[in-house]
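Here is how the chains run, residue by residue.
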Amino acid sequence: MRRPARSLLALVPLIGAAGLVAPPSPAAVAAPAPTAASAASAGSELHVSSTACAPDGDGSAEAPFCTISAAAAVVQPGQTVLVQPGAYLETVAFTRSGTEAAPITFRAVNLPEAMVRVGRFNTSSVTGTIFTFSQVHDVVVEGFTVYGDSTGTAPVVMVDGSSRVTLDGGAVRQGVGPLGVRIAGASRDVTVSRNWLHGLAKVGLAVEAGVTGTTVVANQLPAGRMVFTDAPGTTVTNNTVLAYCGPGIDVTGTSPGTVIVNNIVKPYADQAPCAKPVAQAAIAVSAESVPQTVSHHNLIHPTAGWAPYAWAGTTYPALDEFRAATGQGGHDIVADPLLDPAAGGDRGYIRAKQSSPAVDSADATARGVPATDLFGNPHADDPTWNNTGTGNGYHDRGAVERIQGASANIEPLHRTIGAGPLDTKLRASTRFQWTTDGPGGGFAYKYDDSPLWRTARSSLDADHRFRRAGSTCVRVRASWTDYRSSEGNDSRSCVVLGAHYTAMAPTRVLDTRSAIGVPTTTPVPANSEVVLPIDSIGAVPAADISAVVLNVTVTQPTANGFLTVYPDGQGVPSASNVNFVARETVPNLVTVPMTNGKLRFRNSGSGTVHVIADLQGWYGAAGQGFAVGTPKRVLDTRTAGGALAPNSTRLLDLDLKVSPAATAVVLNVTVTGPQANGVLKLFPYGSAVPTASNLNFVTGQTIPNLVIVPVTDLKLNIHNASSGSTHVIADLAGHFGPDGQLSYVPNGPLRIADTRDGTGVYNRGTTPLQPRETITVAPNASNLACCVTPAAVVANLTVTGPTASGVLIAHPADEVRPTVSNVNFVAGETASNLAIVGTDGGLKLYNSSSGTTHTVVDQAGVFITPQY
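Residues numbered from 1 in each chain as written. Predicted model: local features only at pLDDT ≥ 70, side-chain atom pairs only at ≥ 80, totals over all residues. Heavy atoms only, no water.

A. Structural context of the overall build of the protein chain. Of regular secondary structure, the protein chain possesses two helices and 67 strands. Relative to the compact-globule value of 29 Å for 868 residues, the protein chain shows a C-alpha radius of gyration of 37 Å, a clear excess of over 25%. With the C-alpha coordinates aligned to their principal axes, the bounding extent of the protein chain is approximately 115 × 55 × 50 Å. The buried share among the 868 residues of the protein chain stands at 59%. Looking at the protein chain as shown, the accessible area adds up to about 30,600 Å², and 52% of this sits on carbon and sulfur atoms. Charged side chains of the protein chain number 56 positive and 62 negative; the gap between the two group centres comes to 10 Å. (Helix = DSSP H or I, 4+ residues; strand = E, 2+ residues; numbered from the N terminus. Rg over C-alpha atoms; globule rule 2.2 N^0.38 Å. Buried < 20%, exposed > 50% of the residue type's maximum accessible area, 1.4 Å probe, protein only. Areas by Shrake-Rupley, 256 points an atom, 1.4 Å probe, with all protein chains shown as cover. Lys, Arg positive; Asp, Glu negative; His and termini not counted. Charge placed at Lys NZ, Arg CZ, Asp CG, Glu CD.)

Right under this line is the structure:
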């Protein structure tokens, strides 16, 4: 195990050690140019965000559109456009149509503290009609708060010559213009539902000549009117109207076949500004509109001088008089509806008090009765009231159903059974204390790896693939007011996810000698760094890579030092990966997390050094899980087979030594007694000898390195690329394959033990390991979620300051020490090697030498058992 005399004491950083960081050298790794899918192939969703968008975005979750108009220009039938909370100062023309089976949906994602505002924000606004639907069909628009022109006379929303258009769950705030929503041009089957239509002395909704089959349900007008002119077949059900300057519901011209049921109509408190004379009736129906028109189960406030009805040109001050003359008004109630004051701001609402006559008194069988109210809640049976309604007896009149005892059942986020390692399942549902006729409420949820919120009605069953391994979370907001108020709950659920490994043919991505990955052949200066971009591996973008595995080699160092490889965007860790002395060539396997697609290689020596990095594989959503085993020796040419001849290849057959399902194996490979300088290469059986190497060695040296190598039929090749023979030892640590149940969580670089300063070695102070002594080290899982116990650890083991030759052996604390080695060292040498070791009971380190030595453990990550 003796090394050449130049193998003197190298440097290992103490915790807190710091050095000057020179400006990083530019580096480049060729990557395929990014591509953008067209909207037609973008899947079921397009995304819009005013704050997290890309100017040239394609509407994907990764590159949302900046404007609603951009999505409206390309959306396809069956797609949903999710618009994130924020202000959108634009007018939107909806010009594309869906189909009856596959409508186009635009959905605003609202939260109690942030809604989707279109047309105005603070003092900024746009002019003209904000939403225009012209000659389109099968379009649904949900949840938008739209602001009218503060200077002009255009309607806020215009539906012209269109069919099967739905305006649902939003709010229209009128400016000085006379109209909130205008439906015209022979439009048909338009639905206006669950909206807050607000505008003093204005017509909140106007349905004009030629329009047929309009459905107006569960809306609230806090100060305005609904006017239907020459619009046959209109349904006006379960609305709450505080009438201003005229009838709250005004059916004029020739509009036969209108249904007016379950509405609450009350005059607005102050009618003084209205132009005189004012038609003093709650509901007005022209003579030409009377045929096939019905009105019943309405609740009308008994204001003095305000008649319940003006019917066919006759005003009826008393309900009994109206019933006797027309046969209409069955089950109508003239009484104070006992409404609470308006609340909720621009997405407002008005509730009925507990004692309101609206409670449990509506017609559940009427045409157009909505499945849910303004808040998205079902009809509920108030146990404190007798059911006097028609049908099930407990529907309420007006737009808001009285309901109590709402709660949400949100299951913990967990990994999806039978799916990939980063696939998760989120389930949630609502429940109510009172009897209801269906589900209600809603959810908004956002995963930590995305800035985008998503929504679900009443129940949530969502699948999500996180982009990277680690402690991953989702925030869930439940609401029973459609986010018009802060009522509801706000919860956060987390799970620790690990990634699977994909092995690949070794690929050189960095070589400072040959300007690979960097623009020059200049060695890395002292206390300086190079930055290596890895934009993608194959078709997998960097954002979907949790960690990469590199064989990193230091060569031609002019002074002692150490190399640290770490993700860009993080501070320099107190960890090392490769320790070296002047003029030495040293390899080591490195597993390093990915953050922003760049890696940093820091030379913490006092001289220059060249660096080589060969990409061996990566961890992500694809690949295979890991199976850790008791370390065991599977090859020792000193006892069987003899030394590898110069420039020769030897087959290693692992049949009966590893699972038959193994696709790649983890080996600690040691070269000992080489007769000449050279390199060792491990590769799959049947493949050509690769250019990249795994171990560099010089005459007489003993040196180990961890290797992850694919196998073919459980076989691999070992090639001695030197002019002399050498012995080879291989210790099996585990394998990757479909039977591997463990997944990898990057959790470093992080120093978890250092006998020089007592880190991680309790009650020892700064005492080095004694001869034949064993210590126990605990892997660090402090930044992972509760109750995650690592099953194996990936760590760089360093021996420094040994007083005698020996080997360091790492093994699970609950197992008998195996006959293997992890780090080979000689007196006065600093040596390091990566290890993957099971951690049942912790990690034990055994100093086999007759002398003392200090030991350092730098954790790269852990393997965990999936949390289902």
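B. Here's a closer look at the sheet that holds strand β5 (residues 104-108). Spatial strand order, β1-β2-β5-β10-β13-β16-β19-β21-β24-β27: ten strands in an open sheet with parallel pairing. With partners counted over all chains shown, the strands left at the sheet margins are β1 (45-48) and β27 (294-296), one partner each. If you compare each strand with its neighbour and ignore which way they point, the axes differ by 10 degrees on average. One ladder, built from three bridges, connects strand β13 (residues 163-168) with strand β16 (residues 191-193); its direction is parallel. What sits directly across from Leu167, in β16, is Val192. (Pairing = 2+ DSSP bridges. Axes fitted to C-alpha atoms, helices over the stretch in contact; angles between N-to-C directions.)

C. Here's a closer look at the sheet that holds strand β64 (residues 823-825). Strands sit in the order β61-β66-β63-β64 across an open sheet of four strands; the sheet is antiparallel. One side of each edge strand has no neighbouring strand; the edge strands of this open sheet are β61 (774-777) and β64. Neighbour to neighbour, the strand axes of the sheet diverge by 20 degrees on average, direction disregarded. Pairing between strand β63 (residues 806-812) and β64: three bridges, direction antiparallel. Bridge assignment links Leu808 to a residue of β64, and that residue is Val823.

D. Geometry of the state of the cysteines. Inspection of the entire model under this criterion finds two disulfides. Between Cys53 and Cys66 runs a disulfide, and the two sulfur atoms are separated by 2.1 Å. What sets the handedness of the Cys53 and Cys66 disulfide is the S-S torsion sign, and at about 90 degrees it is right-handed. With Cys53 in the loop between β1 and α1 (68-72) and Cys66 in the loop between β1 and α1, this pair connects stretches of sequence that are 13 residues apart. (Disulfide = S-S within 2.5 Å.)

E. Here's a closer look at the nonpolar core. Core analysis: the biggest nonpolar cluster contains 62 residues, and Phe106, Phe131, Phe133, Phe144 and Leu205 have the highest contact counts within it. Excluding residues within four positions of it along the chain, Phe106 makes contact with Ile68, Ala72, Val75, Val81, Phe94, Val139, Val140, Val141, Glu142 and Phe144. If you look at the next biggest cluster of nonpolar residues, it comprises 45 residues, including Ile403, Leu422, Ala499 and Val794. (Core = buried A, V, L, I, M, F, W, Y, C linked by side-chain atoms within 4.5 Å. Contact = heavy atoms within 4.5 Å.)

F. Region of interest: the environment of Leu644. Within the secondary structure layout, Leu644 lies in the loop between β52 (625-636) and β53 (648-653). Judged by relative accessible area, Leu644 falls into the buried class, the value being 1%. Along the backbone, Leu644 and Val285 are 359 residues apart, and their C-alpha atoms lie at a distance of 102 Å. Leaving out residues up to four positions away in the same chain, Leu644 has contacts with Thr637, Arg650, Ile718, Asn720, Gly724, Ser725, Thr726 and Val728.

G. Representation of the pattern of salt bridges in the model. Counted by the stated rule, this structure contains 39 salt bridges. Arg402 serves as the salt-bridge partner of Asp382, at 3.5 Å between the closest nitrogen and oxygen. Of this pair, Asp382 sits in the loop between β32 (380-381) and β33 (407-410) while Arg402 sits in the loop between β32 and β33, placing them 20 residues apart in sequence. The pair Asp382 / Arg402 is uniform in exposure class, with both members buried. When the shortest N-O distance is used, the salt bridge between Asp461 and Lys425 registers 2.9 Å. Highlighted residues: Asp461 in strand β39 (residues 459-465) and Lys425 in strand β35 (residues 423-431), separated in sequence by 36 residues. Through salt bridges that share partners, Arg107, Glu142, Asp168, Arg194, Arg347, Arg457 and Asp482 make up one connected network. (Salt bridge = Lys/Arg side-chain N within 4 Å of Asp/Glu carboxyl O.)

H. The environment of Tyr309, seen in detail. Position of Tyr309 among the secondary structure elements: in strand β29 (residues 307-311). Side-chain polar atoms of Tyr309 contact the side chain of Ser295, separated by 2.7 Å. Polar side-chain contacts of Tyr309 include one of 2.5 Å to the side chain of Asp332. (Polar contact = N/O pair within 3.5 Å; in protein donor to acceptor, adjacent residues only side chain to side chain.)

I. Region of interest: the pairing of strand β43 (residues 528-533). For β43, the tally of buried residues reaches six of six residues, placing the bulk of the element in the interior. The alternating pattern of β43 places Ser528, Val530 and Leu532 on one face and Glu529, Val531 and Pro533 on the opposite face, and all of these are buried. Where β43 and strand β50 (residues 598-603) come together, six bridges link them in antiparallel fashion. Bridging across to β50, Leu532 finds its partner in Leu599.

J. Fine view of the packing of aromatic side chains. In the structure shown here, the tally under the stated rule is 21 aromatic pairs. On the basis of an interplanar angle of 90 degrees and a centroid distance of 5.1 Å, the ring pair of Phe94 and Phe131 is categorised as edge-to-face. Of the two residues, Phe94 is situated in strand β4 (residues 92-94) and Phe131 in strand β9 (residues 131-134); the sequence distance between them amounts to 37 residues. A residue is classified by how much of its surface remains accessible, and Phe94, at 3% relative accessible area, is buried. Assessed through its relative accessible area of 2%, Phe131 is described here as buried. Among the aromatic residues, ring-to-ring pairing joins Tyr501, Tyr619, Phe626, Phe736, Tyr744 and Phe863 into one connected group. Looking at Lys715, its charged tip hangs above the ring of Tyr685, at a distance of 5.8 Å from the centre. Above the plane of the ring of Tyr846 lies Arg817, whose end atom (NZ or CZ) is 3.7 Å from the centre. (Phe/Tyr/Trp six-rings, centres within 6.5 Å; stacked < 30°, edge-to-face > 60°. Lys NZ or Arg CZ within 6 Å of the ring centre and 35° of its normal.)

K. Quick look at the confidence of the model for the protein chain. This prediction gives the protein chain a mean pLDDT of 92; 93% of its residues lie at or above 70. Every residue in residues 1-38 is under pLDDT 50, and counting partners more than four places away or in other chains gives 111 contacts. (pLDDT = per-residue confidence, 0-100.)

L. Just the pairing of strand β59 (residues 727-737), in detail. In terms of residue burial, β59 counts as a mostly covered element, since ten of its eleven residues are buried. Where β52 and β59 come together, eight bridges link them in antiparallel fashion. By the bridge assignment, Asp636 is partnered in β59 with Ile729.

M. Quick peek at the side chain of Ser832. Here Ser832 shows up in strand β65 (residues 831-838). Not counting residues up to four positions away in its chain, the partners in contact with Ser832 are Asn577, Val578, Asn579, Asn588, Asn796, Leu797, Thr798 and Val823.

N. Quick look at unusual backbone geometry. Residues Gly748 and Pro749 are joined by a peptide bond in cis, for which omega reads 0 degrees. Tracing the backbone shows Pro749 in strand β60 (residues 743-754). With phi around 55 degrees, Asp360 is a residue other than glycine that occupies positive phi space. Tracing the backbone through its elements, the reader meets Asp360 in the loop between β31 (333-334) and β32. Located in the positive-phi region is Tyr483, a residue other than glycine, with phi close to 65 degrees. Relative to the elements of secondary structure, Tyr483 occurs in the loop between β40 (470-479) and β41 (489-497).

O. Representation of the environment of Asp381 within the structure. Mapped onto the elements of the fold, Asp381 is located in strand β32. On a C-alpha basis, the gap between Asp381 and Arg117 in space is 35 Å, while along the polypeptide they are 264 residues apart. Leaving out residues up to four positions away in the same chain, Asp381 has contacts with Asp360, Asn387, Tyr394, Trp434 and Thr435. There is a polar contact of 3.4 Å between the side chain of Asp381 and the side chain of Asn387.

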